[in-house]
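Read off the chains here:
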Amino acid sequence: MSPSKIQRTIQAAQQVLAGSQAGGAETAQELADIFRQARRRLAQVADLIERGEVSQAQSLAERSPALSDLVRILGFG
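Here is what the cut-offs are and how they apply
Residues numbered from 1 in each chain as written. Predicted model: local features only at pLDDT ≥ 70, side-chain atom pairs only at ≥ 80, totals over all residues. Heavy atoms only, no water. Axes fitted to C-alpha atoms, helices over the stretch in contact; angles between N-to-C directions. Helix = DSSP H or I, 4+ residues; strand = E, 2+ residues; numbered from the N terminus. Parallel < 35°, antiparallel > 145°, perpendicular 65-115°, else oblique. Left-handed = near helix turned anticlockwise from the far one by under 90°. Contact = heavy atoms within 4.5 Å. Buried < 20%, exposed > 50% of the residue type's maximum accessible area, 1.4 Å probe, protein only. Arc of directions from axis to C-beta.

Let's shift gears to the packing of helix α1 (residues 3-18) against helix α4 (residues 67-74). Between α1 and α4, the least distance of the axes is 10 Å, while the angle of their chain directions is 15°. With respect to their mutual orientation, α1 and α4 come out roughly parallel. When the axes of α1 and α4 are compared, the crossing they make is right-handed. In contact with P3, I6, Q7 and I10 of α1, α4 contributes L70, I73 and L74.

The structure is reproduced here in structure tokens:
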């Protein structure tokens, strides 16, 4: 999923929470999928690091969207 699609989903969630947009269930499902994918990648990176495969872990972490960007975007508060 692209960073812009993730950002649009976050904005939709904020609008649902503010009461200015319907579709809360669909938006919640999209957010859950995004968080699941992020957790899966984080676990894969951690596993690679534990096995000493640091360059592969770094490559996976930097794949679009980079995990650092994903964490920043998902910290929408």
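Listing the buried residues of α4 in full gives L67, L70, I73 and L74. All buried residues of α4 lie within an arc of 125° about the axis, which places them on one face of the element. Set apart from the buried face of α4 by more than 90 degrees, the exposed residues are S68, V71 and R72. Buried residues along α4 sit against α1, α2 (24-50) and α3 (54-62).

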